[in-house]
Amino acid sequence: MKSTNFFNHLKEIKAHILSISLSVSICFSMCYYHSEELIFFMTKPLLNVNMDHNLIFTNLHEAFFSHLKLAFYVTVITQVPIALMHIYFFLKPGLYLSEMSILRSIYKKMLVSFSLALLVAYYVIIPLTWAFFTSFQNEYISLEARISDYISLSATTLLVVPSISLVQICLFEAASYGLISVKPMIKFRRPWILCAFLLGTLLSPPDVYSQLLYAVPLVLIYEATILKLCFIKTRN
């Protein structure tokens, strides 16, 4: 019986993985097919800041790989909610009604947080970032932005900000339901900070701004979780 249940779980996992893979393949194909429209959508913040300049590419393959990179980033961003939905449906049969209600509530919070973070990244953070960088132009210095640099920075921002919001939801919910406590969080503070900066170094483009964009919010969220745990402990 246990062996049968184990293989049934494996079949279910396989079905979810195949479904996610198919969804990712279709989404990536559609994103690459409409990559011109996506690039226009992505460059609107820069055009609003500086209408007199176009994006350039300096290598023969740069524009092609920029289209691929943008299609990949958009696919990852759009497939995160679908992957979370598959995780929910996989766990659902083994949960009590109360646990199912909690998991559904966490999923809704993640979805709302992820969506709001995307909007904030696109309409606030990216325009402010490019307004700051283009402010160094003068009569002797002018911007000729490479398409690969722009796509990397903008798409990374659109991916990082929602991802950080998901980490925040996970930590805060774990704190609320007593899954984590203050002492282990304080004990693992230094490893967390180290991992945050390592993650920023490995996943971001090779510039300090992108690395800090990853690392600093993760550190702040960790510290906020410790404060929340201390508040819960004091209240109880």
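Note: the structure precedes this text.
Residues numbered from 1 in each chain as written. Predicted model: local features only at pLDDT ≥ 70, side-chain atom pairs only at ≥ 80, totals over all residues. Heavy atoms only, no water.

Asker: Whenever I open this one, the overall build of the protein confuses me. Can you help?
Answerer: Each helix and strand counted, the protein has eight helices and zero strands in total. When its helices and strands are written in sequence order, the protein yields α-α-α-α-α-α-α-α. Expressed along its principal axes, the backbone C-alpha trace of the protein runs to roughly 70 × 45 × 25 Å. Among the 236 residues that make up the protein, the fraction classed as buried is 34%. Element-wise, carbon and sulfur atoms account for 72% of the exposed surface of the protein, whose accessible area totals about 14900 Å². Across the protein, the mean location of the 17 positive side-chain charges is 23 Å away from that of the 12 negative side-chain charges. (Helix = DSSP H or I, 4+ residues; strand = E, 2+ residues; numbered from the N terminus. Buried < 20%, exposed > 50% of the residue type's maximum accessible area, 1.4 Å probe, protein only. Areas by Shrake-Rupley, 256 points an atom, 1.4 Å probe, with all protein chains shown as cover. Lys, Arg positive; Asp, Glu negative; His and termini not counted. Charge placed at Lys NZ, Arg CZ, Asp CG, Glu CD.)

Asker: Would you take a moment to explain the pattern of salt bridges for this structure?
Answerer: Proximity of charged atoms lets side chains of opposite charge pair with each other. Under the counting rule described, the total for this entry stands at three salt bridges. Residue Arg146 pairs with Glu62 through a salt bridge whose shortest N-O separation is 3.1 Å. Remark: Glu62 occurs in helix α3 (residues 62–91) and Arg146 occurs in the loop between α4 (97–134) and α5 (147–176); sequence separation between them is 84 residues. Classification of Arg146 as partly exposed rests on a relative accessible area of 29%. Among the salt bridges present, the one from Lys109 reaches Glu173, with a minimum N-O distance of 2.9 Å. (Salt bridge = Lys/Arg side-chain N within 4 Å of Asp/Glu carboxyl O.)

Asker: Where do I start with the nonpolar core in this structure?
Answerer: If you look at soluble globular proteins, the nonpolar side chains tend to sit buried side by side. One finds Cys31, Met42, Leu70, Trp130, Tyr150, Ile151 and Leu158 to be the most contacted residues of the largest nonpolar core, which totals 30 residues. Counting residues per element, the ones that place at least two in this core are α1 (2–33), α2 (35–49), α3, α4 and α5. Take this core: its biggest share by element is ten residues, from α5. When residues no more than four places from it in sequence are discounted, the contact partners of Leu70 are Ser35, Leu38, Ile39, Met42 and Ile151. Counting residues in hydrophobic clusters, the runner-up holds ten residues, among them Ile164, Leu171, Ala215 and Val219. (Core = buried A, V, L, I, M, F, W, Y, C linked by side-chain atoms within 4.5 Å. Contact = heavy atoms within 4.5 Å.)

Asker: How should α4 be read in this particular structure?
Answerer: Residues spaced three or four apart along an α-helix point in a common direction, a consequence of the helix completing one turn every 3.6 residues. For α4, spanning 38 residues, the distance from its first C-alpha to its last is 54 Å, which sits close to the expected 56 Å at 1.5 Å a residue. Along its length, α4 reaches its greatest deviation from straightness, about 40 degrees, at Ala121. (Expected span 1.5 Å × (residues − 1). Bend = angle between axes of the 7 residues up to and from the residue.)

Asker: What should I look at first to understand the state of the cysteines in this one?
Answerer: Any covalent bond linking the sulfur atoms of two cysteines counts as a disulfide. Evaluation of the coordinates by the stated rule reveals zero disulfides. With no disulfide of its own, Cys170 has Cys195 as its nearest cysteine by sulfur position, at a separation of 16 Å. Cys170 sits in the partly exposed class, given a relative accessible area of 40%. (Disulfide = S-S within 2.5 Å.)

Asker: Could you clarify how one ought to interpret the packing of α3 against α5 in this entry?
Answerer: The axes of two packed helices give the description: the angle between them and the distance between them. For the pair α3 and α5, the least separation of the axes is 9 Å and the interaxial angle reads 10 degrees. It follows from the interaxial angle that α3 and α5 lie roughly parallel. Note on element contacts: α5 touches α3 through Ile147, Ser148, Ile151, Ser152, Ala155, Thr156, Leu158, Leu159 and Leu166, opposite Glu62, Ala63, Ser66, Lys69, Leu70, Tyr73, Val76, Ile77 and Val80. Tallied by class, residues from the contact of α3 with α5 come to twelve nonpolar, four polar and two charged. (Axes fitted to C-alpha atoms, helices over the stretch in contact; angles between N-to-C directions. Parallel < 35°, antiparallel > 145°, perpendicular 65-115°, else oblique. Nonpolar A, V, L, I, M, F, W, Y, C, P; charged D, E, K, R; others polar.)

Asker: I would appreciate a short explanation of α5 in the present structure.
Answerer: Look at α5: 44 Å from first C-alpha to last across 30 residues, which is about the 44 Å you get at 1.5 Å a residue. Among the 30 residues that make up α5, 23 are buried, leaving the element largely enclosed by the rest of the structure. Immediately beyond the C-terminal end of α5, within one or two residues, lies Gly178, with a positive phi of roughly 75 degrees.

Asker: What exactly am I supposed to notice about the side chain of Glu173 here?
Answerer: Mapping Glu173 onto the fold places it in helix α5. Exposure remark for Glu173: the relative accessible area of 9% places this residue in the buried category. The residues contacting Glu173, other than those within four sequence positions of it, are Ile106 and Lys109.

Asker: I keep staring at the packing of aromatic side chains and nothing clicks. Help me out?
Answerer: By convention here, two paired aromatic rings are described through the distance between centres and the angle between planes. In this structure the tally under the stated criterion is eight aromatic pairs. Centroid distance Tyr32 to Phe64: 6.5 Å. Interplanar angle 85 degrees. Geometry classified as edge-to-face. Taken together, the residues span a long stretch of sequence, with Tyr32 in helix α1 and Phe64 in helix α3 at a distance of 32 residues. A relative accessible area of 42% means that Phe64 is categorised as partly exposed. Ring plane angle 90 degrees and centroid distance 4.9 Å describe the contact between Tyr122 and Tyr123, whose orientation is recorded as edge-to-face. The class for Tyr122 is buried, based on a relative accessible area of 8%. You can call Tyr123 exposed: its relative accessible area is 57%. In this structure an aromatic cluster arises from ring pairing among Tyr32, Phe64 and Phe65. (Phe/Tyr/Trp six-rings, centres within 6.5 Å; stacked < 30°, edge-to-face > 60°.)

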